[in-house]
Amino acid sequence: MKKVIVIGNGMVGYKFCEKLVSRSEFKEIRLTVFGEEPRPAYDRVHLSEYFNETGADDLQLASRSWYESHNIDLKTTTMISTIDSIHRTVTDHKGNTYCYDKLVLATGSYPFVPPIPGADKKGVFVYRTIEDLDAIKSYALKLKENGRSTAAVLGGGLLGLEAANAGKELGLETHVVEFAPRLMPRQLDDNASSMLADKITGMGLGIHLNKATKHIAGDDAITGLAFADDTFLSTDMLIISAGIRPRDQLAVSAGLLIGERGGITVDNKMQTSNPDIYAIGEVALYNNMVYGLVAPGYEMAEVAADQICGGDKRMSPSIDMSTQLKLIGTEVASFGDPFIENESVSVITYENKQKGIYKRINISKDGSKLLGGILVGDSSDYNTLFQLYLNEMKLPEDPEVLILGSRDGAGSALGNVLDLPETAQICSCESVSKGSICGAILEGNCCSVKDVITSTKATTGCGGCKPMVSDLVTETLKSMGKTVKETICEHFELNRQELYDLVKVKNIQDYDTALNEFGKGHGCEICKPVLASIFASIHAETANRQPAIQDSNDKFLANIQRNGTYSVVPRVPGGEITPDKLMVLGAIAKKYDLYTKITGGQRIDLFGAQLYELPLIWKELIDAGFESGHAYGKALRTVKSCVGSTWCRYGMHESVTFAINIENRYRGIRSPHKLKGGVSGCIRECAEARGKDFGIIAVDGGWNLYVCGNGGANPKHAILLAEQLDDETCIRYLDRFLMFYIRTAAPLMRTAPWLEKLDGGIEYLKDVIIRDSLGIAGELEEEMESLVDRYTCEWKQAIEDPEIAKRFRHFINAEDPDENISYVPLRDQKMPKPW
Amino acid sequence: MQELLKKYNSVKTFEVKNWFRAGTIDQFPSDSGACVKYNDKQIAVFNFTRTNTWYACQNLCPHRLEMVLSRGMTGDLNDIPKIACPLHKKTFSLIDGKSLGGDDLSISVYPVKIEDENVYIGFTD
Ligand code: SRM
Ligand SMILES: Cc1cc2nc3c(=O)[nH]c(=O)nc-3n(C[C@H](O)[C@H](O)[C@H](O)COP(=O)(O)OP(=O)(O)OC[C@H]3O[C@@H](n4cnc5c(N)ncnc54)[C@H](O)[C@@H]3O)c2cc1C
Ligand code: SF4
Ligand code: FES
């Protein structure tokens, strides 16, 4: 048996194990792995997610039982302190000695702490391990308990910004201090960096450029940073992110060749100056460079594993350093050579200050090759550009469409993803090529994105390639004449549309029957609401008929809030409300001591109602002529209006009247996701109708109807469906459009992504809705008409039926309310006690 | 708030000292939960009508420490009965109280028995 020892169980050390065990030669190998950290290797790239809701286990790359099942002897919390390369042994910090035939150094790097006086003060941290994050989090909590709340990050590079975002997420006022005159100096040019700085400042982070830190002030704990220009920044804690240094001390003591500025020198076989010793990952110096990214590290792991098994795989001569910055609330990417500027290069840039978008591509003068680029504010083109660059693909006639085009829905500049060369590297973290992704499907081993991920590991690194992988899967399946199936959950191997059709054709009336006939098991929080929505759309039933399958908000006909209380949102169609009704809302809010706020949807939200109070409040509202606003449901929310021709001097038509009619027409209708509408009285568009799922704008000669827009996280403007419609035609098209969406969209898919996925896009939609190409227009209208006719206010139902009213008790065996709810004052109102 | 969590400790059937009568079967909605007050504890009781089984756990969600689990949705994951919290949809096994989402949160679970249409929850206090 050949003895192989790995020092370091980080990302790359783990990848080496994974590569080695997959080899047939592994039977002849005894593998021992030493890791200084207390746990098996974890995903450092996604470390910051540890601050959100992710536990340490979620980050783990493989469990201890994985190592056991492959007979790998993993020794965590064990640091190797010396290597004896003559006798081929290593010794750990407790003095135990182990022999090796081949040794792999995967010791990674440590965060560089510049020699600034005071860096040893309390409250100064680095950002590399789970333990670092635990320490940062508990220090931040302590600060907040003592009423202090500022943090600073030293270093405005990739990692520094990620750490700064983490500081902000921890609820601290966070500042970034950078020595260079710009952010991310290694990836961005001046324009990109200043755009990024604006964006980040807008998000509430402080940016301080050109700052050399002289010393860290404070007695015992840090109180601030003193800079060389005699300015001072007060801060209660500091995270240092000033670069990394390879952990090469062991190699020095073993007499291995080390680079001038550190790092263990390796050749393209990953061999060090001692042929029995390999170095991989962030500790290795290849091409005179240390690479602080996982992708090259993974490739090194593969090469070393192959070499040790007697193969002759070599490292690629040049390493790609393209990066996408994640988790800072704005998109940033750079690829290839982002800065290159000389007479054989033309640089194309696009800048939109208002939206905070900057794009730059560097193209060879003859227009044939993409050499590199930068994207800030919108990196949706990254995958496409990156592939064009990496595969040296031919560029379109006018290369500027690469960063300006594609918006008109003309599709990606790549054309079809299947046009990529087989060797195109799609997932660079796991080095998975287009060939292996498509191959897995063509050979019949995989038939879904999930299968492909399991079998190739694509997307499991940084995850940036996910959109392209799923496009490749879909297109390959299509080319084989198969359709891609997204099943709902483990209980139903059907997609929503299939389930919808089955329920309708077989006239299924309740969830249990559906589960017995088409599903298995006992259901879950995913399939239950999907079926609830389908039943509502087909049978026009309210959430009261099958309460057990409603999403928890629908079940109680209200949105649950942070502290377990609920909000009350009555419908105010079109946002028009009489003074009397306003006074009713005021009186009720006062009586039940509810926090009151005008919503972004032109109505009024009353917060802080306890479960048992809901029916009491709603009874009073309904008596005063209000009805449910369905703010809790995947249903029609609001149809926003502007004042229109009744009062506005520019108004072309009566937008309020039309908005009210439409809101009343579609109220209560449930759909795959929520639906919002808007009606503006002229093209000034004060109702922001084009930011809605359907938007109507008055023009000379009628209404223009726009569809499939939304605000939210990925704003999209609605697209013109038809022009100059009269009231009746507009409503007819809307009926057809909404019903078509309700029938065919996936669960929780709003109209904009639905249109994006719709084959043929807006032109196809026009065919179906206007030209009735499927011959279903009549059916769609009838279905909608029947939903409209059968509308009932579900809150009215609830307060009138004593059986339903029982649902709203906190305890089944006592009348008491929940005593754990407590509030703190907020201006002249109140809010839940913070978590 | 952390104090609240300490009130809840899983009970196994053989440890039960006190079978507390929570109500009659028909008071509990089918395939969903309801909350029962026992001294200073809040217990969520779930009636899995489809499989004719009953489970109980603390009403307190360990994620943000709110008294809400009884208002969550029931279901199963590979035949393990589970409850999804209404606030952030974290899911917990009703058999051993462990999180099914891979984090280390967990809830305390209590035995339930049905006798003569009555629902009893088992406690050690
Ligand atoms: C109350 C309100 C904020 C406010 O104080 O103004 C609000 C509050 C919530 N929004 Fe909103 N949104 C509100 C207007 C909006 C708007 C503006 C608008 O409608 O004009 C938007 C952007 C427009 C859009 O939707 O396209 C908006 C985009 C979202 C999104 C993102 C949707 C998306 O497709 O990206 C969510 C998340 C979701 O629905 O999955 C969301 C979800 C939520 C939830 C339901 C989150 C939750 O599950 O608890 C919040 C419920 C609070 C409550 O309990 O009542 N809210 N939300 C607004 C209620 C409007 C109303 O009268 O019904
Ligand atoms: C917050 C953060 C975000 C990042 N984001 C990205 C990103 O988006 N994209 C990207 O490509 N890269 C990113 N990186 C970098 C990436 O994590 C590293 O490139 C990668 O982890 C390097 O792997 P490694 O195995 O070489 O080193 P490490 O993961 O550091 O592993 C080395 C291990 O060896 C152990 N060790 C060291 N000396 C000894 C010894 N003497 N005995 C025993 N054990 C020892 C260490 O404790 C450590 O566990 C990020 C890094 C951080 C910290
Ligand atoms: S944006 Fe909407 S979902 Fe987010 S906090 Fe505000 S109200 Fe809640
Ligand atoms: S409070 Fe229960 S999941 Fe967040």
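Scroll up to find the structure.
Residues numbered from 1 in each chain as written. Chains lettered and ligands numbered in written order. Predicted model: local features only at pLDDT ≥ 70, side-chain atom pairs only at ≥ 80, totals over all residues. Heavy atoms only, no water.

I'm lost on the overall build of chain A in this one. Help?
Each helix and strand in chain A was counted, giving 25 helices and 38 strands. Counting all 835 residues of chain A, 54% fall into the buried class. Surface exposure of chain A reaches about 36400 Å², of which carbon and sulfur atoms provide 50%. (Helix = DSSP H or I, 4+ residues; strand = E, 2+ residues; numbered from the N terminus. Buried < 20%, exposed > 50% of the residue type's maximum accessible area, 1.4 Å probe, protein only. Areas by Shrake-Rupley, 256 points an atom, 1.4 Å probe, with all protein chains shown as cover.)

Can you help me understand the packing of helix α13 (residues 496–505) of chain A against helix α15 (residues 527–539) of chain A in this one?
Residue and element names in this part refer to chain A. Contact geometry for α13 and α15: axes closest at 10 Å, N-to-C directions at 50°. On the basis of their axis angle, the class for α13 and α15 is oblique. Note that α13 runs across α15; the crossing there is right-handed. Residues R496, L499, Y500, V503 and K504 of α13 touch α15, and the partners they reach there are V530, L531, S533, I534, F535, S537, I538 and H539. (Axes fitted to C-alpha atoms, helices over the stretch in contact; angles between N-to-C directions. Parallel < 35°, antiparallel > 145°, perpendicular 65-115°, else oblique. Left-handed = near helix turned anticlockwise from the far one by under 90°. Contact = heavy atoms within 4.5 Å.)

Sorry if this is basic, but what is going on with the interface of chain A and chain B here?
Interfaces are often sized by the amount of accessible area the parts lose when they come together. The interface is formed by 39 residues belonging to chain A together with 41 residues belonging to chain B. Taking both partners together, chain A and chain B bury about 3500 Å²; carbon and sulfur atoms supply 48% of that area. Among the residues chain A hides against chain B, the three largest losses belong to E525, I812 and W835 of chain A. Together they make up 20% of the total. Summed over the shared surface of chain A and chain B, the result is four salt bridges. (Buried area = accessible area lost by both parts, 1.4 Å probe. Salt bridge = Lys/Arg side-chain N within 4 Å of Asp/Glu carboxyl O.)

What am I meant to see in the site of ligand 1 here?
In the neighbourhood of ligand 1, 20 residues make up the surrounding shell, with Q561, G600, K674, G711 and R750 of chain A lying closest. Classifying every residue of the shell around ligand 1 by side-chain character gives two nonpolar, ten polar and eight charged. (Near = heavy atom within 4 Å. Nonpolar A, V, L, I, M, F, W, Y, C, P; charged D, E, K, R; others polar.)

Honestly, the sheet that holds strand β2 (residues 32–38) of chain B in this entry has me stumped. Any pointers?
Pairing between the strands of a sheet is mediated by backbone hydrogen bonds and can be parallel or antiparallel. Residue and element names in this part refer to chain B. Ordered by their spatial adjacency, four strands build an open sheet running β2-β3-β4-β10, and the pairing between neighbours is antiparallel. Pairing within the sheet leaves two strands with one partner each, and these edge strands are β2 and β10 (109–110). Where strand β3 (residues 41–48) and strand β4 (residues 53–58) come together, six bridges link them in antiparallel fashion. Each bridged residue has a counterpart across the sheet, and for F46 the counterpart in β4 is Y55. (Pairing = 2+ DSSP bridges.)

Sorry, what's going on with the state of the cysteines here?
Disulfides are covalent bonds that connect the sulfur atoms of two cysteines. Residue and element names in this part refer to chain A. Under the counting rule described, the total for this entry stands at zero disulfides over all chains. C447 forms no disulfide, and the closest cysteine sulfur to it belongs to C446, at a distance of 7.4 Å. C648 forms no disulfide, and the closest cysteine sulfur to it belongs to C682, at a distance of 6.1 Å. On the basis of relative accessibility, which here comes to 30%, the residue C648 falls in the partly exposed class. (Disulfide = S-S within 2.5 Å.)

How should helix α1 (residues 11–21) of chain A be read in this particular structure?
Because an α-helix packs 3.6 residues into every turn, residues spaced three or four apart end up facing the same way. When you tally the buried positions in α1 of chain A, you get ten out of eleven residues, the bulk of the element. All buried positions along α1 of chain A are accounted for by M11, V12, G13, Y14, K15, F16, C17, E18, L20 and V21 of chain A.

For this particular structure, what's the right way to read the pattern of salt bridges?
Pairing between side chains becomes possible if they bear opposite charge and their charged atoms approach one another. All names here are of chain A. One pass over the structure, following the stated rule, counts 60 salt bridges over all chains. The residue R670 makes a salt bridge to D554 at a minimum N-O spacing of 2.8 Å. One end of the pair, R670, is in the loop between α19 (655–666) and β33 (675–680); the other, D554, is in helix α16 (residues 552–555), with 116 residues separating them in the sequence. In this structure, a network of salt bridges that share partners links the residues K15, E18, E430 and K457.

Honestly, empty space enclosed by the protein in this entry has me stumped. Any pointers?
Over the atoms a probe the size of a water molecule is rolled, and this reveals where empty space is left. Enumeration according to the criterion identifies five cavities of 30 Å³ or more in this entry. Considered as a void within the structure, the largest cavity measures approximately 160 Å³ in volume. Around the largest cavity sit 15 residues that line it, and A536, A540, E541, G668 and I669 of chain A are the ones nearest its centre. Within the lining of the largest cavity, the residues separate by chemical class into five nonpolar, five polar and five charged. For the lining of the largest cavity, the two domains that each supply at least three residues are domain 3 (496–555) and domain 4 (566–789) of chain A. By volume, the second largest cavity is sized at about 50 Å³. In terms of lining residues, the second largest cavity is bounded by G564, T565, Q610, L611, Y612, H810, D818 and I821 of chain A together with R71 of chain B. (1 Å grid on protein atoms, 1.4 Å probe; cavity = no way out; pocket = protein on both sides within 12 Å on 5 of 7 lines; lining within 4 Å. Points joined across faces, edges and corners; volume = space filled by probe spheres on them. Domains from an automatic or database assignment.)

Mind showing me how you'd approach the nonpolar core here?
Side chains of a nonpolar character, in soluble globular proteins, are inclined to be buried together. Residue and element names in this part refer to chain A. Counting 92 residues, the largest nonpolar core has F16, L31, L105, M270 and I280 as its most contacted members. Per-element accounting of this core gives the leading share, eight residues, to helix α8 (residues 294–308). With sequence-adjacent residues up to four places away left out, I280 is seen in contact with V12, F16, V104, L105, A106, M270, M300, A301 and A304. Within the second largest apolar cluster, 65 residues are counted, among which are I488, W703, V707 and I769. (Core = buried A, V, L, I, M, F, W, Y, C linked by side-chain atoms within 4.5 Å.)

Mind showing me how you'd approach the side chain of N704 of chain A here?
All names here are of chain A. Mapped onto the fold, N704 is located in strand β35 (residues 702–707). Exposure remark for N704: the relative accessible area of 8% places this residue in the buried category. In this structure the side chain of N704 is engaged in a polar contact, spanning 3.0 Å, whose partner is the backbone nitrogen of Q724. (Polar contact = N/O pair within 3.5 Å; in protein donor to acceptor, adjacent residues only side chain to side chain.)

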